[in-house]
Amino acid sequence: MNDLQKMTKPRRFILIIGIIIVTFGLFGGGILSYFISQEEPTNLSEVTEEGVFSKIDVELVTSYFATLTTDSSLEKYYFVTEDGYTYIAKIDDDTFASLKENHDYNYSTDPDAVAPDSVTIVGESELIPDEIKNFAIEYFRDSEGLDINEENFNNLIYPYLIDTYITKTDTIIDIAIVFGVITVVGLILIMVYMNRQTKTKKSISKYQSSLKTIEEELESSTTIHNEICKVYLTENYLISYNDGLKIIELKSISWLYPYEYRRNGVVTNRSICIYTSDKQKYMIGNINAWGKNKDSAYNEMYQLLLEKTPDALHGYSKENKEKALKMEKFR
């Protein structure tokens, strides 16, 4: 297999990786979301870690004793009871509305009031934050007169709270976002592969009648191969294989200049911009702008192109830009 055949051979590993990533993104997210949607909540009394889909069968609920302001909302913290044991719950307003009877009964002074049925609330388990724990200790000391501190806190309050602000739907949406990003990455790889193939086919089609000559020149001892810039420079052709195959006849080059891409004022990439007589623009010799070897290879390639294209416009300047615009081929 000669060099030209190697350059035109599809780099299928990019396509394969892209397909694998897309498949994983689509089916992985779907399967995980399905299992989460079917997951039954665990009673909070059995939870020993954060992030567990949990439930409490609430018998009584207090008014909120603490609040925390987040970027998106005001979160309210309540005490709730189940089977006589006290928990802390971070409850959203809609869920609290479903607990109205349990709340009103808790504060009722009517001796004939009938206890309402317990109401199941669900959410995600979370270790009680120190700030909320301090609020709870202060509440029980001031309101209930209990001797409670950090050492005996867990004897009265379960160490994990339930957060009803986080629902299954929220979790599934988060999964969809993550796996959606993964899918997009896979699609980008597939598009990169297809784009490279399109460029390669376009070059091959354009120079179909000259392929034998190009192959012969590639095998010549005078041909220069710049591996860092991924460019072959033969007697009559420039052949770039960095981003798909690009074949440029040297005599067709009308203007070339070095191009630098900057981010925050720092050069991150360097290329050689080439315009040809058939109104085509090419970016070749693309390298990251770090390393002496890369800089040396880039500068060497540019100097060789200058020598090989004596009739072309060299370098980017206002004068060269004006000359280029006056040429029919650049209009």
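Residues numbered from 1 in each chain as written. Predicted model: local features only at pLDDT ≥ 70, side-chain atom pairs only at ≥ 80, totals over all residues. Heavy atoms only, no water.

Regarding the confidence of the model for the chain
Chain-level pLDDT for the chain is 86 on average; 95% of the residues reach the 70-or-more range. The weakest mean pLDDT in the chain belongs to helix H1 (residues 3-8) at 62; the strongest belongs to strand S8 (residues 160-163) at 95. (pLDDT = per-residue confidence, 0-100. Helix = DSSP H or I, 4+ residues; strand = E, 2+ residues; numbered from the N terminus.)

Observations concerning the environment of arginine 263
One can find arginine 263 in strand S13 (residues 253-263). Of the residues examined, arginine 263 reaches a relative accessible area of 52% and is grouped as exposed. Through-space distance from the C-alpha of arginine 263 to that of phenylalanine 35 is 44 Å; in sequence the pair is 228 residues apart. (Buried < 20%, exposed > 50% of the residue type's maximum accessible area, 1.4 Å probe, protein only.)

Focus: the pairing of strand S7 (residues 119-127)
Relative to S7, strand S2 (residues 53-58) runs antiparallel, the two being bridged by six bridges. If you follow lysine 55 over to S7, its bridge partner there is valine 122. Inspection of the sheet shows S7 paired to S8 by four bridges, in the antiparallel sense. Residue pairing across strands places leucine 127 opposite tyrosine 160, the latter belonging to S8. (Pairing = 2+ DSSP bridges.)

Comments concerning unusual backbone geometry
With phi around 50°, aspartate 83 is a residue other than glycine that occupies positive phi space. Mapped onto the elements of the fold, aspartate 83 is located in the loop between strand S5 (74-82) and strand S6 (85-90). A relative accessible area of 70% places aspartate 83 in the exposed class. Of note, lysine 230 is a non-glycine position whose phi angle comes to about 60°, a positive value. Inspection of the secondary structure assignment puts lysine 230 in the loop between strand S9 (224-226) and strand S10 (231-233). In this structure lysine 230 comes out as partly exposed when scored by relative accessible area, which is 29%.

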